[in-house]
Amino acid sequence: MNLDPIFESVTEGDVSAVESGVMSALEAGVDAATILNEALIPAMDKVGSLFEEGEYFVPEMLIAARSMQAGLVILKPELVAAGIEPIGKVLMGTVKGDLHDIGKNLVSMMLEGAGFEITDLGTNVSPEKFVEAAKEGINIIGLSALLTTTMPAMKMTIDAFTEAGLRDKVKIIIGGAPVTAEYAEKIGADGFAPDASQAVTLAKSLVALRRL
Ligand code: B1M
């Protein structure tokens, strides 16, 4: 099935066309991961390029993001496996100063699909809020940042866990478009993943390590 109309509808921010396109593709037997990886994500990359080229401004980016979220809502039940015991508990959030949440939501969704229980603190989450919420039983803290200017808040969050005496109780993983493995190492994170599926592999390996 041709997924170009879904791609186009996301770049145009047409929520109802994205919803009907995604539903038609599912009904036609296209699997959810293909719709995600071959239409929705490339469309957001295109929106980013159009923004960089000065063709799109913040409002266009925002309506495109809303239409992608609408597609994700429909795909979620397909991406998330139902009814299994959590293999670990993850506290997720986008760091202080940063309002981008599509990638974070996608990572959360994929982790949920892989059997993790997710507590999502949302966006613009302060280091203190992460520490407060990391109650007993949380295995992994997931930090997302999309802006180079908010990456330092990742280090501030890790430092807050150290200061609270909780750093050795949790594993902290980070990700987001400007984040790198080198940066993760530099700030003392336990791991970095470039995308949602590698975040699942990383989280699973960290949980397995705790059980050794
Ligand atoms: Co913003 N924005 N934005 N934006 N925005 C970017 C990030 C930017 C690269 C655009 C550009 O210039 N090309 C640029 C950042 C430049 C920089 O810092 N280097 C930028 C800017 C500048 C801004 C503003 C400052 C614009 C302004 O106001 N002048 C402003 C900042 C607001 C703020 O946060 N304080 C802003 C605002 C916005 C909107 C609100 C309009 C909207 C966000 C809506 C929302 O999220 N609800 C928006 C959007 C949509 C984008 C782009 C177009 C798309 C981001 C996205 O959702 N990608 C983006 C350009 C781009 O990235 N191509 C851009 C799709 C998503 C699936 O990918 O989030 O990378 P991503 O997540 C991936 C991986 O990174 C990874 O897995 C995900 C799935 O594969 N990942 C993790 C993410 N988190 C992870 C955590 C993990 C592991 C992996 O472990 C815990």
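Reading the values: rules and limits
- Residues numbered from 1 in each chain as written.
- Predicted model: local features only at pLDDT ≥ 70, side-chain atom pairs only at ≥ 80, totals over all residues.
- Heavy atoms only, no water.
- Pairing = 2+ DSSP bridges.
- Helix = DSSP H or I, 4+ residues; strand = E, 2+ residues; numbered from the N terminus.
- Contact = heavy atoms within 4.5 Å.
- Axes fitted to C-alpha atoms, helices over the stretch in contact; angles between N-to-C directions.
- Donors = N, O, S within 2.8 Å, 3.2 Å for Na, K, Ca; no water.
- Near = heavy atom within 4 Å.
- Polar contact = N/O pair within 3.5 Å; in protein donor to acceptor, adjacent residues only side chain to side chain.
- 1 Å grid on protein atoms, 1.4 Å probe; cavity = no way out; pocket = protein on both sides within 12 Å on 5 of 7 lines; lining within 4 Å.
- Sits in = over half its atoms within 2 Å of the grid points.
- Nonpolar A, V, L, I, M, F, W, Y, C, P; charged D, E, K, R; others polar.
- Domains from an automatic or database assignment.
- Parallel < 35°, antiparallel > 145°, perpendicular 65-115°, else oblique.
- Left-handed = near helix turned anticlockwise from the far one by under 90°.
- Buried area = accessible area lost by both parts, 1.4 Å probe.
- Salt bridge = Lys/Arg side-chain N within 4 Å of Asp/Glu carboxyl O.

**Comments concerning the sheet that holds strand β4 (residues 171-175)**
Here is step 1: Spatially, the five strands line up as an open sheet ordered β2-β1-β3-β4-β5, and their pairing is parallel. In this open sheet, the two edge strands, each paired with only one partner strand, are β2 (116-120) and β5 (191-192).
Here is step 2: With five bridges connecting them, strand β1 (residues 88-94) and β2 associate as parallel partners. Bridging from a neighbouring strand, M92 pairs with D120 of β2.
Here is step 3: Packed onto the sheet, helix α7 (residues 152-163) meets β3 (140-144) and β4 and runs at close to 155° relative to β3.

**Some thoughts on the coordination of the cobalt atom of the ligand**
Here is step 1: Among all protein atoms, only H100 (NE2) binds the cobalt atom of the ligand, sitting 2.2 Å from it.
Here is step 2: Topologically, H100 is positioned in the loop between β1 and α5 (102-113).

**Notes on the site of the ligand**
Here is step 1: Near the ligand you find 33 residues, and of these E52, L99, H100, D101 and S144 are the closest.
Here is step 2: Between a nitrogen atom of the ligand and a main-chain N or O atom of G97, the distance comes to 3.0 Å.
Here is step 3: Measuring from a nitrogen atom of the ligand, one finds a side-chain N or O atom of H100 at 2.8 Å.
Here is step 4: When each cavity is represented as a set of grid points, the ligand is found to reside in the largest pocket.
Here is step 5: Elements that contribute at least two residues to the shell around the ligand include exactly α3 (32-52), α4 (58-79), α5, β3, β4 and α9 (196-211).
Here is step 6: Residues belonging to the shell around the ligand are distributed by class as follows: 20 nonpolar, nine polar and four charged.
Here is step 7: Here the shell around the ligand gathers at least three residues from each of two domains, domain 1 (4-81) and domain 2 (88-211).

**Thoughts on the packing of helix α2 (residues 15-27) against α4**
Here is step 1: Direction vectors running N to C along α2 and α4 enclose 25°, while the axes themselves pass 8 Å from each other. Classed by the angle they form, the pair α2 and α4 counts as roughly parallel. Between α2 and α4 lies a crossing of right-handed hand. For the pair formed by α2 and α4, the contact residues are V15, V18, E19, V22, M23 and L26 on the first element and R66, S67, A70, G71, I74, L75 and E78 on the second.

**A short note on the domain arrangement of the protein**
Here is step 1: Entries for the protein in the domain assignment read domain 1 (4-81) and domain 2 (88-211).
Here is step 2: Using C-alpha coordinates to define each centre, domain 1 is positioned 25 Å away from domain 2.
Here is step 3: With 11 residues of domain 1 at the interface, the matching set in domain 2 holds seven residues.
Here is step 4: Here domain 1 packs against domain 2, burying approximately 830 Å² in sum over the two surfaces, 75% of which is carbon and sulfur.
Here is step 5: In this structure, the connection of domain 1 to domain 2 is made through zero salt bridges.

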